[in-house]
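# Architecture and fold: a report
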2 protein chains.
Amino acid sequence: MCAKGTELSERKKLILKALVEAHIEGGEPVGSKYITQNNLLSCSSATIRNEMAELEQMGYLVQPHTSAGRVPSEMGYRFYVDTLVEQYARTTHEVGQINQLLKAKMAEIDQILETASRLASSMTNYTGIAIKPKASSVTMSKFELVSMDENNFAMVMITSGGAVKTKKVKTTGTVREDDLRRLAELFNECLCGLSADMITLPIIMEMENVMGDSAFLVTPAVKCVYEVMSEIDGGTMRLSGINHLLKYPEYSDTQQLGQLLGTLESKDEILDLVSQAESDDINVLIGSESPVKVMNNSSLVFKPIKKHGKTIGVIGVLGPRRMNYKQVLQTIDEITGSISSMMDEEAPIKELSEKGEHHGGE
Amino acid sequence: MCAKGTELSERKKLILKALVEAHIEGGEPVGSKYITQNNLLSCSSATIRNEMAELEQMGYLVQPHTSAGRVPSEMGYRFYVDTLVEQYARTTHEVGQINQLLKAKMAEIDQILETASRLASSMTNYTGIAIKPKASSVTMSKFELVSMDENNFAMVMITSGGAVKTKKVKTTGTVREDDLRRLAELFNECLCGLSADMITLPIIMEMENVMGDSAFLVTPAVKCVYEVMSEIDGGTMRLSGINHLLKYPEYSDTQQLGQLLGTLESKDEILDLVSQAESDDINVLIGSESPVKVMNNSSLVFKPIKKHGKTIGVIGVLGPRRMNYKQVLQTIDEITGSISSMMDEEAPIKELSEKGEHHGGE
DNA sequence: ATTTAGCACTCGCACAAAAATAGTGCTAAA
DNA sequence: TTTAGCACTATTTTTGTGCGAGTGCTAAAT
């Protein structure tokens with residue numbers, strides 16, 4: 001908007017920073033006096049007042065009413081975050097902990113995301129968000145069919161992304177192992193590489209044709225493929241640590257909080273939000289920068305997790321606008337980093353063997 | 001506790017019922033006057049007052065302070081619910097809707113539960129709960145290994161309960177199709193029917209022995225089995241419609257609400273709670289009847305879903321103590337009923353074929 | 001003997017006035 | 001350019017008061 005650039009004197013920056021942090025800490029408007037007392041600014045409250053007045057004119061600060069202290073405006077937060085992002089240093093001492101926690105739970109991608117979200121929440125004291133974005137177009141790269149009993153078989157699908165999905169299929173008639181093998185072959189031939197909308201009726205009919213007597217297997221199986229594809233497409237979102245929100249007075253308006261939670265649960269909006277804004281690095285949405293109206297006094301910090309260049313998930317944190325950006329930025333970055341690197345080296349397989357052998361010795 | 005039996009006169013019952021319902025409706029203490037006016041009790045407020053005084057002495061009512069109306073005590077609610085449970089009639093007109101909604105989403109058990117929880121929440125306006133209880137002891141009934149690429153294969157496991165689970169396994173060396181087949185055979189031979197704690201080191205070593213050169217495959221694969229078993233064991237809980245809670249003033253104490261949400265998220269307590277109380281039919285926990293302290297002014301209504309006599313999930317509703325038990329009991333019963341019956345007839349497979357054919361015509 | 005009417009009494013709540021607080025803006029001096 | 005001091009103002013907190021809802025009791029009515 002009215003980005004006048006870096007017209008801020010060094011002292012103004014210092015004051016702004018101090019004020020933002022004080023406000024994050026306490027949640028209340030902060031006055032000139034407070035700053036002179038607690039911070040090492042070597043000037044008097046009057047000076048601060050002058051500066052603050054200017055900062056307010058420039059749009060960085062807002063005062064809720066005459067004779068209240070100042071509160072950072074959205075622009076103020078934005079400035080604070082931007083300068084912060086440039087400079088925040090990785091204090092590596094927490095990384096170890098993250099790694100350990102994540103490794104312990106290393107499993108499917110969903111689990112990782114869930115754990116990461118929990119982790120983010122508990123480390124920052126805000127609400128953690130884990131998102132598995134919509135995959136634009138899923139295709140299958142391999143099918144395998146496993147018989148379970150006379151009327152059921154399991155369908156194992158490996159997606160182009162390398163994920164393994166399984167569905168149970170109930171058939172109307174009895175299934176012979178033999179037919180299953182043929183069907184699997186057929187699927188591998190005809191359906192690999194096709195996205196959901198490319199599986200057309202003619203293809204299905206042709207397959208039924210080929211299967212002859214066992215044509216009745218085709219439709220339910222294809223239906224499964226459909227389902228899995230759209231399921232993966234759908235996207236997922238998980239929250240953890242909602243209770244943290246309640247600690248902050250800005251969410252004491254139950255009306256609004258209710259709306260917010262409702263919006264979060266319906267997930268679509270957030271899902272869109274996140275997939276749009278993907279800047280590949282940490283994103284910080286402050287207040288009304290978010291298109292979701294109900295998040296006006298909330299901030300959302302999130303960062304995608306990449307594997308081989310593809311986004312496979314997003315980890316983030318939701319909290320009041322006055323969230324502790326310093327800590328949050330750092331934490332999110334570390335968590336996503338840990339996951340990413342862990343993804344690349346892939347499962348720490350050796351561990352069980354060790355565990356197993358040590359087991360006797362302990 | 002002090003169950004003096006059915007010492008309640010018919011009129012007392014009527015008054016109690018009227019009062020409970022009035023309180024559910026409005027949320028505020030209800031006085032003698034209100035009852036004479038709105039309900040068809042043919043006596044004056046003074047009489048009601050006398051009766052209410054007695055009811056209070058007996059412990060069915062409580063007055064928050066002198067000169068406020070009465071509020072049902074826990075015991076009062078309990079009485080109300082108990083009589084209600086005997087008599088509540090199934091109004092079948094909503095069942096159709098439930099069936100439809102559930103069928104549309106018919107998929108894996110997790111999805112069903114999730115959908116059901118959502119449904120319960122939206123139909124009752126309270127918070128829906130879906131629980132997949134801890135399975136006391138899972139065993140595998142079949143293994144299948146599917147190669148993905150040189151260093152990865154997928155492991156498909158069919159549990160004793162008939163669920164299909166998949167895990168991706170990364171190996172340290174190259175995998176030949178041949179070895180996979182052998183390994184699968186071996187697993188089917190050695191591990192079927194074993195619960196997690198029965199898979200001991202000697203068994204693993206023996207398998208490694210048999211596999212010879214390809215022994216390196218065994219450990220990571222076994223680890224997966226472990227993981228899946230404990231994962232299934234774990235139990236799962238999902239909430240939906242948390243925002244509904246906020247509509248009720250009893251949750252306006254953000255402090256307490258926060259604790260409640262925290263407890264809910266950690267899920268263990270609720271999981272235990274539910275698996276303990278399993279009376280196989282509808283359970284109603286009113287206020288402090290629940291061992292979870294933080295739920296003192298909440299009620300929990302839930303009912304297990306059975307398949308072939310085994311509990312595979314629990315659907316419930318959480319709300320304020322003054323929840324609309326009539327409606328909730330009914331709804332939960334209908335939803336669980338729908339699911340159960342749907343489970344038995346199993347997937348409505350024909351549908352896709354129809355859909356497919358109509359597809360061209362539309 | 002049970003129900004009803006009437007009345008005095010008790011709280012809590014909502015509203016209003018008053019006091020206290022905190023922080024600003026401005027002016028004048030350093 | 002910074003600082004000190006002071007007047008000003010809006011908010012918050014405290015205090016006080018009246019109103020109303022609802023009870024409990026007693027006495028009359030059925």
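Predicted, not measured: the structure shown is a model, and the values here were computed from it.

Time to look at the sheet that holds strand β5 (residues 152-159) of chain B. Residue and element names in this part refer to chain B. Strands sit in the order β4-β5-β6 across an open sheet of three strands; the sheet is antiparallel. Edge positions in the sheet fall to β4 (140-149) and β6 (164-170), since each of these pairs with one other strand and no more. Across the sheet, the mean angle separating the axes of adjacent strands is 20° when strand polarity is ignored. Most of the contacts of helix α9 (residues 218-234) go to β6, to which it runs at about 145°, and overall it touches β4, β5 and β6.

On to the interface of chain B and chain A, then. As a measure of interface size, the accessible area lost when the parts come together is often cited. Taken together, the contact between chain B and chain A spans 49 residues of the former and 48 residues of the latter. Of the roughly 4400 Å² buried at the junction of chain B and chain A (both faces included), carbon and sulfur atoms supply 65%. Taken together, chain B and chain A are joined by zero salt bridges. At the junction of chain B and chain A, the tally comes to nine residue pairs in polar contact (both at pLDDT 80 or more). Among the residues making up the side of chain B that touches chain A, the classes are represented as 18 nonpolar, 15 polar and 16 charged.

Time to look at the layout of surface pockets. Of the volumes computed, that of the second largest pocket is approximately 610 Å³. A:Glu144, A:Leu145, A:Arg181, B:Glu144 and B:Arg181 are the residues nearest the centre of the second largest pocket, which is lined by 24 residues in total. Breaking the lining of the second largest pocket down by element, the ones donating at least two residues are β4 (140-149) and α7 (177-190) of chain A together with β4 and α7 (177-190) of chain B. Per-class residue counts for the lining of the second largest pocket are 10 nonpolar, four polar and 10 charged.

Moving on: the domain arrangement of chain A. Residue and element names in this part refer to chain A. Parsing chain A into structural domains produces domain 1 (3-84), domain 2 (93-134 + 235-345) and domain 3 (140-233). Look at where the C-alpha atoms of domain 1 and domain 2 centre, and you get two points 28 Å apart. The partner domain 2 presents 12 residues to the 15 residues of domain 1 that form the contact. Residue Arg78 pairs with Glu289 through a salt bridge whose shortest N-O separation is 2.6 Å. Here domain 1 is connected to domain 2 by six residue pairs in polar contact (both at pLDDT 80 or more). Mapped by element, the contributors of at least two residues to the side of domain 1 that touches domain 2 are α1 (10-26) and α4 (74-87). Residue classes in the side of domain 1 that touches domain 2 are distributed as six nonpolar, four polar and five charged.

The rules behind these values
- Residues numbered from 1 in each chain as written.
- Chains lettered and ligands numbered in written order.
- Predicted model: local features only at pLDDT ≥ 70, side-chain atom pairs only at ≥ 80, totals over all residues.
- Heavy atoms only, no water.
- Pairing = 2+ DSSP bridges.
- Helix = DSSP H or I, 4+ residues; strand = E, 2+ residues; numbered from the N terminus.
- Axes fitted to C-alpha atoms, helices over the stretch in contact; angles between N-to-C directions.
- Contact = heavy atoms within 4.5 Å.
- Buried area = accessible area lost by both parts, 1.4 Å probe.
- Salt bridge = Lys/Arg side-chain N within 4 Å of Asp/Glu carboxyl O.
- Polar contact = N/O pair within 3.5 Å; in protein donor to acceptor, adjacent residues only side chain to side chain.
- Nonpolar A, V, L, I, M, F, W, Y, C, P; charged D, E, K, R; others polar.
- 1 Å grid on protein atoms, 1.4 Å probe; cavity = no way out; pocket = protein on both sides within 12 Å on 5 of 7 lines; lining within 4 Å.
- Points joined across faces, edges and corners; volume = space filled by probe spheres on them.
- Domains from an automatic or database assignment.

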